[in-house]
Amino acid sequence: MKKISVFGFLLSMALFSHGASVTKVSVVHLDNFGGDSVGVLSHCQTKVGTSYDPAVVARDVMALKASKLFQDIQVNAERKADGVEVTFCVYRKVRFLKPLVVKGNANVSASKIADQAGFKDGRLYGDADFAAAADKVRAFYVKNDFPNARVTPLVKVVSGGIDCMVTFEVEEGSALSVSGYTFPGANNVDVSDLRREIGLFPFWDPRGWFAEKPVSESQLADAVAKISRYYADLGYLDVKVSSSCSAVAGADEKTICFNIEEGPLYTVGDVKIEGLKSYSAADVAGKSALPKEGDAAGLKTLEDAAHSISVAVGSGDLGLSESRVDIRRIPRDGNSTVLDVHFLVTEGVPVVIDNVAIVGNEYTKDKVIRREIELGPGDKMLADRAERSKDRLEGLYYFSRVRYYLRDSMRGKDSEGAEYRDLVYEVEEKDTGNFNFGVGASSVDSVYVQGQVSQSNFDLFSPSKYFRGGGQKGRLYAQVGPYIQTYEAEICEPHLFDRYLQLRVQAYRRQRWYDEYDVIRTGASVALDYPVKVWMPWKSLGHMESFGRFGVSLAGEFIQFDEMDNGYWMLEDKKVSLSEQGGEDDRYGDAAEMIVRLYWSRDQVDNGRTPSNGSRTSLFFDVAGGDNEYWRFGFKHRNYFTTWKRYNHVLMLALRGETIDAINDEVPIYNRLFLGGPKSIRGIEYRHVSPMAKRVGGSDYAPWGGQTLICANAEYTVPVFRKYLRVALFTDAGSVTSDELDFDVSDTFAWTAGIGFRIDAIPSLPIRIDFATPIKKPDNAEEEVFSFTIGYDF
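Residues numbered from 1 in each chain as written. Predicted model: local features only at pLDDT ≥ 70, side-chain atom pairs only at ≥ 80, totals over all residues. Heavy atoms only, no water.

So, the overall build of the protein chain
The number of helices and strands found in the protein chain is twelve helices and 40 strands. With the C-alpha coordinates aligned to their principal axes, the bounding extent of the protein chain is approximately 100 × 75 × 75 Å. Counting only residues that meet the buried cut, the protein chain has 42% of its 794 residues in that class. Within the protein chain, contacts between residues separated by at least 24 positions form 60% of all contacts whose residues are at least 6 apart in sequence. Counting only carbon and sulfur atoms, one obtains 53% of the accessible surface of the protein chain, whose full area is about 40,700 Å². (Helix = DSSP H or I, 4+ residues; strand = E, 2+ residues; numbered from the N terminus. Buried < 20%, exposed > 50% of the residue type's maximum accessible area, 1.4 Å probe, protein only. Contact = heavy atoms within 4.5 Å. Areas by Shrake-Rupley, 256 points an atom, 1.4 Å probe, with all protein chains shown as cover.)

In structure tokens form, the structure reads like this:
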């Protein structure tokens, strides 16, 4: 099976022929049906009489590849006495003619097989495409209980052209219906962990809904290897795993058994680093992540330790690149399950980077990758910086795999004896687009429908690549329910002008229904922020450390009232109204605002969704002009502590404060502050921690909002069933007062406590269920014992 490839460049030709004249450009057809040489060369810039340039030839190959006419491309450049002869060797794709002929199929129809193959009449395909289609058909057979099915594509080219007839020869094999999987001998490992390792998930986990279960010979072999590796990583280095099938009595089904002989658990004894010549073992050990005596001698633990030693030796003053670290496990006399671990180091050589090459990026721009790499041409190769660069590339989540290596640049050594090498980062791109559609619910918003289309590697100016590869982030979002409607479009450029300057542009329309009125906000905003670094003299001399991001935003918003309550209300000793003359709608309806915000935020949590350590902090200051003029200041801080590491107990403490004041008039009700509900003070009705207004001539109350807010939360979570279910004990307290900077919380103070459940069984669909009761609540505020939301920490 052939794949599109680029090779045939001899590096020596690139070095010695650069600048020579091209004397001949020819085409060799590797296929059996020939082709139009002029058509091939029409894609190329390399011409007779031009100066030979390997970069131009490389672009020619990319142009031929982009034409999608060829399945294999080779280039040869040969130096002659009078110049350079360039030969393009191409293997054309063939044109599929329907129908797809299927032979040997007894249990699956030919039409179904053709649907799975997905060939389109008249479209060009290569050998790799035919093989991939055959793999799809085989996977379909496996999914339908034919684990050993074989599918062979046969391609016959019609004489005198590129048209072809395709036949799939099928060997279905015997049907096998699997009733279940067992793991006899798994005495010291949780079976659910083994099931997860081989892709067997509980019925409620979406990861298992579309996954293939291991049934074929190759799949079972892969499953055996995964189980063996899992045990070895735990320290069971002598584990033996095999698979077998047993018939289920009275049924045409079989059970697949993974037979396990665990063997002993090995632990670490003495740890030594040997073979060092340029560094002391103590210095390298201090920079490496070594196992401790008594730790399980897991294979991954030892491999990671060896890698950390290699990085330490490859960093520092000398930077000895390509150092090798071998692991020797020596059983201790008298107790063979204790292994003295010796890391034998073979030191490398100092290296200077000649060039940095990027390989494997089909659509992601080079600059998106290069800006994450700390090393450049002329730099000393330091493994720790190369590792950090690799981690940063992985942190983009654009790639399924990232690795780096050094290759000979044919330049020799520098004046100090360091060898020149090219640093190559090889990436494997993955799908970064996402489409979500579903039904959500909360005790505030009721049931709603939401959908989102997002691309985390977005490129606004690259439609030919389906708007991918620029390192931007794009998002379209809609939420529609009986109490809320939201429509948002957002794009983020994290490296504006190729600097660490983040630009975020957003447009939105948000409508919220309250009991007494509705509010519609339509607007757009643009924000710029930059990472802040501060001097940390108490840590080390001259140390600068990241200290969050500082930014400024400008927003324009048009605010409308709708469906307003009629009548008058008494707020303390003042008569107020929503819809009557002189009321909120009369004074503040159909208002346009321009808001300038200064903000700072810092995120140091260990996990963005379910943190167990670290903190999040944000501050902001707003100044608004237009129909409403006001200023607003607020902060939010949240800290996470792992209180019992062994059992993953986590304590969360949070504090939020905010105040607002009008510059010339009063603050409109839609800009005032409220607390209460599942995302602030549980146990109190949504927005009911607030100054309350009483209806004139009636007995009902409505929250009218205040100008100063303070809220504190504490929550202690304990896992009950792994990470999928946690129990939470919590308490919330807070108050909203009438005036700006008013800290007299006595009238509206609320304090609640309760118990809740955090369900993370379905990825990206976390459910929070809470039961709370007030210890103290404001007068006229309603209780809300039960609340639930879908989402992570508020």
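Moving on from the coordinates now.
Description of the sheet that holds strand β2 (residues 70–80)
Reading across from one edge, β1-β3-β2 is the order of the three strands in this open sheet, with mixed pairing throughout. Only two strands of the sheet have a single neighbouring strand rather than two, namely β1 (22–29) and β2. For this sheet the average axis-to-axis angle between neighbouring strands, irrespective of direction, equals 15°. Bridge analysis of β2 against strand β3 (residues 83–92) gives ten bridges, and the strand direction is antiparallel. Bridge assignment links aspartate 72 to a residue of β3, and that residue is tyrosine 91. Sheet contacts for helix α3 (residues 54–66): β2 and β3; angle to β2, the most-contacted strand, approximately 160°. (Pairing = 2+ DSSP bridges. Axes fitted to C-alpha atoms, helices over the stretch in contact; angles between N-to-C directions.)

Some details on unusual backbone geometry
Note that the residue after lysine 98, namely proline 99, is joined by a cis bond; omega there is 10°. Tracing the backbone through its elements, the reader meets proline 99 in the loop between β4 (94–96) and β5 (101–103). Look at lysine 68: it is not a glycine, yet its phi comes out positive at around 60°. Residue placement: lysine 68 occurs in the loop between α3 and β2.

Points about the packing of helix α7 (residues 217–234) against helix α9 (residues 299–313)
Relative orientation of the contacting elements α7 and α9 amounts to 70°, with a least axis distance of 5 Å. Taken as axis vectors, α7 and α9 run roughly perpendicular relative to one another. Contacts from Arg229, Ala232 and Asp233 in α7 reach Leu299, Lys300 and Glu303 in α9. Classifying every residue of the contact of α7 with α9 gives two nonpolar, no polar and four charged. (Parallel < 35°, antiparallel > 145°, perpendicular 65-115°, else oblique. Nonpolar A, V, L, I, M, F, W, Y, C, P; charged D, E, K, R; others polar.)

Topic: the nonpolar core
Grouped together as the largest cluster of nonpolar side chains are 22 residues, with contacts concentrated most on Leu100, Ile113, Phe119, Tyr141, Val166 and Phe168. Looking at this core, the elements that each hand over two or more residues are β4, α4 (110–117), α5 (127–143) and β8 (163–171). By residue number, the principal contributor to this core is α5, which donates six residues. Core analysis: the next-biggest nonpolar cluster, separate from the first, contains 21 residues, Phe183, Leu200, Val215 and Phe258 among them. (Core = buried A, V, L, I, M, F, W, Y, C linked by side-chain atoms within 4.5 Å.)

Here we look at the packing of aromatic side chains
Applying the stated criterion across every chain yields a total of 23 aromatic pairs. When the ring of phenylalanine 183 is compared with that of phenylalanine 258, the centres are 5.5 Å apart and the planes differ by 20°; the resulting orientation is stacked. A residue pair is termed long-range when its members are at least 10 positions apart, and phenylalanine 183 in the loop between β9 (178–182) and α6 (191–197) and phenylalanine 258 in strand β11 (residues 254–261) qualify at 75 residues. In this structure phenylalanine 258 comes out as buried when scored by relative accessible area, which is 0%. In textbook terms, an aromatic cluster arises when at least three aromatic residues are bridged by ring pairs, as seen for Phe96, Phe119, Tyr125, Phe130 and Phe168. Between arginine 597 and the ring centre of phenylalanine 620, over which it is positioned, the NZ or CZ distance is 4.1 Å. The aromatic ring of tyrosine 514 is capped on one face by arginine 687, whose charged end is 3.8 Å from the ring centroid. (Phe/Tyr/Trp six-rings, centres within 6.5 Å; stacked < 30°, edge-to-face > 60°. Lys NZ or Arg CZ within 6 Å of the ring centre and 35° of its normal.)

Some points on helix α11 (residues 383–395)
For α11, spanning 13 residues, the distance from its first C-alpha to its last is 18 Å, which sits close to the expected 18 Å at 1.5 Å a residue. Listed as buried for α11 are Ala383, Ala386, Glu387, Ser389, Lys390 and Leu393. For α11, the buried positions fall inside an angular range of 160° around the axis, keeping them on one side. Phi turns positive one or two residues past the end of α11, at tyrosine 397, with a value near 60°. (Expected span 1.5 Å × (residues − 1). Arc of directions from axis to C-beta.)

Re α7
The terminal C-alpha atoms of α7 lie 26 Å apart, and with 18 residues this matches the ideal 26 Å at 1.5 Å per residue to within 8%. Buried residues of α7: Gln219, Leu220, Ala223, Val224, Ile227, Tyr230, Tyr231 and Ala232, and no others. Just downstream of α7, glycine 235 is the residue with a positive phi angle, here 110°.

Some remarks on the environment of aspartate 121
Along the polypeptide, aspartate 121 turns up in the loop between α4 and β6 (124–125). Among residues more than four places away in sequence, those in contact with aspartate 121 are Phe96, Leu97 and Lys98. Of the polar contacts made by the side chain of aspartate 121, one reaches the backbone nitrogen of lysine 98; its length is 2.9 Å. (Polar contact = N/O pair within 3.5 Å; in protein donor to acceptor, adjacent residues only side chain to side chain.)

Structural notes on the sheet that holds strand β16 (residues 349–359)
Read across the open sheet, the four strands follow the order β13-β16-β18-β17; overall the sheet is mixed. Of all the strands in the sheet, just β13 (320–321) and β17 (399–413) have a single pairing partner and so form its edges. In this sheet, β16 lies alongside β13 in antiparallel orientation, the contact comprising two bridges. By the bridge assignment for β16, serine 321 is matched with valine 349. Most of the contacts of α11 go to β17, to which it runs at about 145°, and overall it touches β17 and β18 (419–429).

A closer look at the pattern of salt bridges
For side chains of opposite charge, pairing can occur when their charged atoms come near one another. Counting across every chain of the model gives 49 salt bridges. Arginine 196 serves as the salt-bridge partner of aspartate 193, at 3.0 Å between the closest nitrogen and oxygen. Within this pair, aspartate 193 and its partner arginine 196 are both found in helix α6, separated by three residues, close to a single helical turn. Among the ionic pairs, glutamate 374 bridges to arginine 388, the shortest N-O distance being 2.9 Å. With glutamate 374 in the loop between α10 (366–370) and α11 and arginine 388 in helix α11, this residue pair connects regions lying 14 residues apart in the sequence. Each member of the salt-bridge network shares a partner with another, and the members are Arg682, Glu715, Asp732, Arg758, Arg768 and Asp770. (Salt bridge = Lys/Arg side-chain N within 4 Å of Asp/Glu carboxyl O.)

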